[in-house]
Amino acid sequence: MNKIVLSGIKPTGIPTLGNYLGALKNFVKLQKEMEDYDFYIFIADLHAITVFQDPKELKQNIKNLAAIYLACGLTEEKLTLFVQSEVNEHAALGYIMQSISYLGELERMTQFKDKMQKQVQGVTSALFTYPALMAADILLYDAKYVPVGEDQKQHLELTRDLAIRFNNRYGETFTVPEGLISEKGARIMDLQDPSKKMDKSSENGRGCIFLLEPLSSIKKKIKSAVTDSEAIVRYDQENKPGIANLMTIYSIISGLSYSEIESKYHGKGYGDFKKDLADIVADEIGVIQNRFQEIINSKKLEELFDQGREKAKAYASRKLQKVYKKVGLGR
Ligand code: ATP
Ligand code: LTN
């Protein structure tokens, strides 16, 4: 069996605390736990342009994202880090995935429906076929596990369906992947509106913590997060979504369980809780920011990208040839 763990993040802006707790921190943890697996981690720039990106900013975001991956603690050993658009096979297999996906199943995707609602005008056809490209990203490398946040669960289900459909139609070709969604932190909510997911491309930045913003501003955002009037630190997702979200962040970073946090703040108000949370978040992000500064201008990044591209290309091109043959394409 192929021992590959694969995931991607779109370079659509500076990654958020949501990306960190839902995805990045998990990659690092898994890399430590799954010693005999190869980690393919890529920057999903083709996915990013499903919504317009300023070309100069996109280039900078690609580089920043790679440096952030490393700054969060991914180790180079057993890591294949690459940029999606540098491996043409993604787009080619993406097209083949489109040719076996149905309109109906793409129309059901909630991420598409949400973005349609928000954007109204100028929704691109690539935003619609996005999950077919995502399936290609995964199937191209026979990835066994795909760590992602909760919002990607439906896309992963579709990827599995497409792999099975292709295998049934053309013969055994693809590994059917499994998602790895962390129990906690899979869905960090906006600090100002806990009914919305914390999103790096959302318009209102006040509810969103960016990994590269000044620590003082991070602390301020946490201290002004929306809570409720009960003034008791208690985990109740339904009735106290603001506090529940802050407790989730606290719990992942400190390692304390919800009940341990409840006891710790028993008899204290939200002020103490938020102040401590602001400090532990700022400490954790501070370490990432320091490492980021060392990495961003080093030669290492370019070297890793070059090696990653070659390794990914070698695997992907073999796989794509096999697919073309099965489908009957070419001469
Ligand atoms: P955009 O806002 O441009 O749609 P995004 O942050 O939602 O971007 P990605 O950058 O592609 O999307 O997300 C990368 C990873 O971070 C994915 O695994 C996704 O599930 C996870 N993720 C994104 N937002 C959150 C969140 N608020 N909580 C937990 N995980 C998240
Ligand atoms: N769709 C994902 C990003 C993404 C991805 C992937 C994640 C693109 N291709 C392959 C895992 C595997 C998102 O929007 N967060």
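Bear in mind the structure is a predicted one, so any value in this text is a computation, not a measurement.

Rules used throughout
Residues numbered from 1 in each chain as written. Chains lettered and ligands numbered in written order. Predicted model: local features only at pLDDT ≥ 70, side-chain atom pairs only at ≥ 80, totals over all residues. Heavy atoms only, no water. Near = heavy atom within 4 Å. Polar contact = N/O pair within 3.5 Å; in protein donor to acceptor, adjacent residues only side chain to side chain. Areas by Shrake-Rupley, 256 points an atom, 1.4 Å probe, with all protein chains shown as cover. Helix = DSSP H or I, 4+ residues; strand = E, 2+ residues; numbered from the N terminus. Contact = heavy atoms within 4.5 Å. Axes fitted to C-alpha atoms, helices over the stretch in contact; angles between N-to-C directions. Parallel < 35°, antiparallel > 145°, perpendicular 65-115°, else oblique. Left-handed = near helix turned anticlockwise from the far one by under 90°. Nonpolar A, V, L, I, M, F, W, Y, C, P; charged D, E, K, R; others polar.

Draft legend 1. Representation of the site of ligand 2 within the structure. Lys10, Tyr130, Met134, Asp137 and Gln152 are the nearest of the 14 residues found near ligand 2. Here Lys10 contributes a side-chain N or O atom positioned 3.4 Å from an oxygen atom of ligand 2. Between an oxygen atom of ligand 2 and a side-chain N or O atom of Tyr130, the distance comes to 2.6 Å. When ligand 2 sits alone it has 370 Å² of accessible area, and the protein chains cover 92% of it. Among the secondary structure elements, those contributing two or more residues to the shell around ligand 2 are β1 (4-9) and α7 (125-139). Ranked by residue count, the leading element in the shell around ligand 2 is α7, at four residues.

Draft legend 2. Spotlight on the side chain of Lys200. Following the sequence through the fold, Lys200 ends up in the loop between β5 (178-180) and α9 (215-223). Reaching out from Lys200, the side chain makes a polar contact with the backbone oxygen of Lys10 at a distance of 3.0 Å. Reaching out from Lys200, the side chain makes a polar contact with the side chain of Thr12 at a distance of 2.9 Å. Beyond its immediate chain neighbours, meaning those up to four positions away, Lys200 contacts Ile9, Lys10, Thr12, Gly13, Ile14, Pro15, Thr16, Asn19 and Phe210.

Draft legend 3. Focus on the packing of α9 against helix α12 (residues 270-296). Where α9 contacts α12, the axes come no closer than 9 Å and their chain directions differ by 150 degrees. Considered as vectors, α9 and α12 are oriented roughly antiparallel to each other. Once α9 is placed against α12, the crossing between them reads as right-handed. Contacts from Leu215, Ile218, Lys219, Ile222 and Lys223 of α9 reach α12 at Lys274, Lys275, Leu277, Ala278, Asp279, Val281, Ala282, Ile285, Gly286 and Gln289. For the contact of α9 with α12, the residue count by class is eight nonpolar, two polar and five charged.

Draft legend 4. Seen up close, the packing of helix α1 (residues 17-33) against α12. Across the interface, α1 lies against α12 with an axial gap of 13 Å and an inter-helix angle of 70 degrees. Between α1 and α12, the crossing angle belongs to the class labelled roughly perpendicular. Taken as a pair, α1 and α12 cross one another with a handedness that is left-handed. Along its contact with α1, which presents Leu17, Tyr20 and Lys25, the element α12 presents Val281, Glu284, Ile285 and Ile288. Among the residues making up the contact of α1 with α12, the classes are represented as five nonpolar, no polar and two charged.

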